[in-house]
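# Survey of secondary and tertiary structure
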Amino acid sequence: MIIQDRMRVTGQREIAKNIFEMKLTGKLVGEINSPGQFVHIRVSDSFEPLLRRPISIASIDHQANEMTIIYRAEGRGTQLLSMKKEGDEVDVLGPLGNGFPVGETSPGETAVLIGGGIGVPPLYELSKQLTAKGVTCIHVLGYQTADVSFYEEEFIRLGETYIATVDGTKGSAGFVTDVMEKIGDGFTTYYSCGPMPMLNAVQTAYTGKRGFLSFEQRMGCGIGACFACVCETTDKTDKEYIKVCSDGPVFPAGVVSI
Amino acid sequence: MNRLAVELPGLQLKNPIMPASGCFGFGKEYGNLYDLSMLGAIMIKATTLDKRFGNPTPRVAETASGMLNAIGLQNPGLQGVMENELPWLEQYDVPIIANVAGTETADYVEVAKTISMAPNVKALELNISCPNVKCGGITFGTNPQQAHDLTAAVKEVSEVPVYVKLSPNVTDIKEIAKAVEAGGADGITMINTLVGMRLDQKTGRPVIANITGGLSGPAVKPVAIKMVYEVSQVVQIPIIGMGGVSETADVIDFLSAGASAVAVGTANFVDPFICPKIIEELPSKLDELGVNQISELVGRSHRL
Ligand SMILES: Cc1cc2nc3c(=O)[nH]c(=O)nc-3n(C[C@H](O)[C@H](O)[C@H](O)COP(=O)(O)OP(=O)(O)OC[C@H]3O[C@@H](n4cnc5c(N)ncnc54)[C@H](O)[C@@H]3O)c2cc1C
Ligand SMILES: Cc1cc2nc3c(=O)[nH]c(=O)nc-3n(C[C@H](O)[C@H](O)[C@H](O)COP(=O)(O)O)c2cc1C
Ligand code: FES
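Residues numbered from 1 in each chain as written. Chains lettered and ligands numbered in written order. Predicted model: local features only at pLDDT ≥ 70, side-chain atom pairs only at ≥ 80, totals over all residues. Heavy atoms only, no water.

Before going further, it helps to examine the overall build of chain B. Looking only at helices and strands, one finds 10 helices and 14 strands in chain B. The C-alpha atoms of chain B give a radius of gyration of 18 Å, which matches the 19 Å a tight globule of 304 residues would have. Its C-alpha atoms give chain B principal-axis dimensions of roughly 50 × 50 × 40 Å. In chain B, which comprises 304 residues, the share counted as buried stands at 62%. Long-range contacts, defined here as pairs at least 24 residues apart, represent 72% of the contacts in chain B between residues at least 6 apart. Looking at chain B as shown, the accessible area adds up to about 11,200 Å², and 51% of this sits on carbon and sulfur atoms. Across chain B, 23 positive and 31 negative side-chain charges occur, with their mean positions spaced 6 Å apart. (Helix = DSSP H or I, 4+ residues; strand = E, 2+ residues; numbered from the N terminus. Rg over C-alpha atoms; globule rule 2.2 N^0.38 Å. Buried < 20%, exposed > 50% of the residue type's maximum accessible area, 1.4 Å probe, protein only. Contact = heavy atoms within 4.5 Å. Areas by Shrake-Rupley, 256 points an atom, 1.4 Å probe, with all protein chains shown as cover. Lys, Arg positive; Asp, Glu negative; His and termini not counted. Charge placed at Lys NZ, Arg CZ, Asp CG, Glu CD.)

What follows is the structure, given as structure tokens:
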């Protein structure tokens, strides 16, 4: 169920240049049902900035009733968010959308998880859940530069991890697709989140494979009411269009017209 | 006696608060969050004769205390609304105001005729003010004669009272208001969005794919208040006011300016529970103001 919760900040730290990891506690955590779902955050109690910011859930700890988000402090909203301190309250709406289908990969099978920049965070909870059920995860993480890369250690703990940076300052130089070529196709499924050009490249490279992609789109309501976040679809679905916020953000590869 | 009750042509409102068209879809999403029967009414998303996909994305952009949108009247079309959306809303004890849009008189008339027969549609809101579609819509809303004629044509076929939604993107909104009143309108809803643009800092290009969008949210409230203040003094028909309503105090302002009821648009995105919150707060706000019945506030600003 979607709820509006005043969550309490239990941690906030800069884990890379302008990249923040924030921990939040509240009853909303109990409503999260799959990795890849997101929350819609009101960064200020005033009307400036006005709109909520959609941010993926990066990690869930049901025992501690805590969730982690990882975001880049870039514009006005995310900068304000980065100034919140432990103990502060934040108005959070969620959980929203439909996440990655963990059930599409069976124990013993292998999944490739490809993330780009601030598309990497939701893959962390996904990998935790997949590995917990006995799926082998291979991670391919792309960043612009080394100083904005994050969570390498965390992913390594869960499985084989490859890093690519555009300028070659960490891992191999180039894009995630360059690394993907080296991995080959001995896997069952792939899951990806990142900028549109990357999703397009991943989908093209893995034509014929079963995959799931998480999309980004500018949002208004975040719950399916305003038609801000629509994408056109391909003929692989009966739907004429999809709303990223409520039908997605995760869709099977090939469904959304990129 | 319900202190918040308001009676308007076709509408027995439990309270004067209703979500504005386009900011509430057809109610389903918000229906998952709270009981829609709490609302005074619901203004549903614009309905056109044929289904529409709308404009390319990005369709929204944030601005200082506001937002621009260029959705482009995406909706499932008259048939889809009649078969799926309106019957679903029948489970709630709430009057529906159907926002009707089109490109020429004939399709406005056809939509109005059919949709006004739905059992829960208690009034129409004629949208002659959408700034985001190429033809029709706003061209009716910026020309007094065309606004008059369209209103008259729709009045002739509608089974329920007709409210006309005015655009602020005109030189003198009073002229349009008087024209639709003369055309037989039972009420006025105002304002629709103000046309605006936002540019990308890096590229200098417009952020919205449609180039221009409609401005809404707290930023437009002073403009809306001024227009309601003016129009309410030159027409006899009631006004449902909107534009930036985000908290209870804003409702009081619109009523004082001359509106009889108030619609809440963009604020639903900021706080999806804003309508029930305002409804809950209104009685104590009336106490504060020493007012018994909410209608007593209507038009305070221009009383001698
Ligand atoms: C489903 C989803 C999940 C996301 N998950 C994450 C995440 O885990 N970590 C992270 O860092 N970022 C994530 N993003 C992107 C994040 O929403 C934007 O970076 C953020 O909204 C920008 O806000 P700002 O205040 O920095 O920028 P501003 O420039 O002030 O933003 C202005 C407006 O544009 C919108 N906007 C700007 N960029 C984007 C974008 N890329 N996508 C959608 N809306 C945008 C903002 O929400 C706001 O309404 C996600 C986006 C979506 C749609
Ligand atoms: C995303 C969005 C979609 C809208 N769609 C419609 C619409 O379909 N028909 C209409 O008459 N007005 C539409 N409007 C205008 C609102 O109903 C309202 O007149 C305007 O936004 C001002 O109110 P606000 O500041 O409270 O949002 C839309 C506004 C927004 C923000
Ligand atoms: S953001 Fe409103 S429909 Fe998706």
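Residue and element names in this part refer to chain B. Every one of the 22 residues lining ligand 2 counts as a neighbour, but Ser21, Lys165, Gly217, Gly244 and Thr266 are closest to it. A distance of 3.5 Å separates an oxygen atom of ligand 2 from a polar backbone atom of Ala46. Lys165 places a side-chain nitrogen or oxygen 2.8 Å from an oxygen atom of ligand 2. Relative to its free-state accessible area of 600 Å², ligand 2 is covered by the protein chains to the extent of 98%. Residues that form the shell around ligand 2 fall into these classes: seven nonpolar, 13 polar and two charged. (Near = heavy atom within 4 Å. Polar contact = N/O pair within 3.5 Å; in protein donor to acceptor, adjacent residues only side chain to side chain. Nonpolar A, V, L, I, M, F, W, Y, C, P; charged D, E, K, R; others polar.)

This paragraph deals with the packing of helix H4 (residues 176-183) of chain A against helix H5 (residues 196-205) of chain A. Residue and element names in this part refer to chain A. In contact at an axis separation of 10 Å, H4 and H5 are set at 20° when each is read in the N-to-C sense. What the angle tells us is that H4 and H5 run roughly parallel. Taken as a pair, H4 and H5 cross one another with a handedness that is right-handed. Counted together, Val176, Thr177 and Met180 of H4 and Met198, Ala201, Val202 and Ala205 of H5 form the full contact between these two elements. When grouped by side-chain class, the residues that make up the contact of H4 with H5 number six nonpolar, one polar and no charged. (Axes fitted to C-alpha atoms, helices over the stretch in contact; angles between N-to-C directions. Parallel < 35°, antiparallel > 145°, perpendicular 65-115°, else oblique. Left-handed = near helix turned anticlockwise from the far one by under 90°.)

All names here are of chain B. Within the secondary structure layout, Lys165 lies in strand E9 (residues 162-165). An unpaired buried charge is present at Lys165: no salt bridge exists, and Glu125, the closest side chain of opposite charge, is 4.2 Å distant. Contacts of Lys165, omitting those with residues within four sequence positions, involve Ser21, Asn99, Glu125, Leu126, Asn127, Ile128, Ser129, Thr189, Ile191, Asn192 and Met242. (Salt bridge = Lys/Arg side-chain N within 4 Å of Asp/Glu carboxyl O.)

Each aromatic ring pair is characterised by the separation of its centres together with the angle its planes make. Throughout the structure, instances matching the rule amount to 16 aromatic pairs over all chains. For the pair Phe20(A) and Tyr71(A), a centre-to-centre distance of 5.8 Å together with 20° between the ring planes defines the contact as stacked. Of this pair, Phe20(A) sits in strand E2 (residues 19-25) while Tyr71(A) is found in strand E6 (residues 66-72), placing the two residues 51 residues apart along the sequence. A centroid spacing of 5.4 Å and a plane angle of 85° characterise the contact between Tyr108(B) and Phe140(B), whose relative ring orientation is edge-to-face. Here Tyr108(B), found in helix H3 (residues 105-115), pairs with Phe140(B), found in helix H4 (residues 138-141); they are 32 residues apart in sequence, far enough to count as distant. Residue Phe140(B) is classed as buried on the basis of its relative accessible area, which comes to 8%. Positioned over the ring face of Phe227(A) is Lys243(A), at 4.8 Å from the centre of the ring. Lying across the ring of Phe53(B), Arg59(B) places its NZ or CZ 5.1 Å from the centre. (Phe/Tyr/Trp six-rings, centres within 6.5 Å; stacked < 30°, edge-to-face > 60°. Lys NZ or Arg CZ within 6 Å of the ring centre and 35° of its normal.)

With that out of the way, let us pick up the nonpolar core. Among the nonpolar cores identified, the biggest contains 132 residues, and Ile114(A), Tyr30(B), Leu124(B), Ile188(B), Met190(B) and Ile240(B) are the most heavily contacted of them. With 25 residues, the next largest nonpolar core counts Ala58(A), Ile70(A), Phe100(A) and Ile163(A) among its residues. (Core = buried A, V, L, I, M, F, W, Y, C linked by side-chain atoms within 4.5 Å.)

On the surface, Met197(B), Leu199(B) and Ile211(B) cluster together to form a nonpolar patch covering roughly 280 Å² of accessible area. The residue Ile211(B) is located in the loop between strand E11 (194-196) and strand E12 (213-216) in this model. (Patch = residues over 30% accessible without salt bridge, like charges linked within 9 Å, V, L, I, M, F, W, Y side chains within 5 Å.)

Next up on the list: the site of ligand 1. Arg53(A), Pro54(A), Gly75(A), Gly77(A) and Thr78(A) are the nearest of the 21 residues found near ligand 1. More than a single chain frames ligand 1: its nearby residues are located in chains A and B. Gly75(A) places a main-chain nitrogen or oxygen 2.7 Å from an oxygen atom of ligand 1. Contacts to ligand 1 include Glu216(A), whose side-chain N or O atom sits 2.9 Å from a nitrogen atom. Bound to the protein, ligand 1 loses 88% of the 830 Å² it would expose on its own. For the shell around ligand 1, the secondary structure elements donating two or more residues are strand E4 (53-56), E6 and helix H1 (76-82) of chain A. Looking at which element gives the most residues to the shell around ligand 1, the answer is E4(A), with four residues. Looking at the shell around ligand 1 residue by residue, the class counts come to eight nonpolar, five polar and eight charged.

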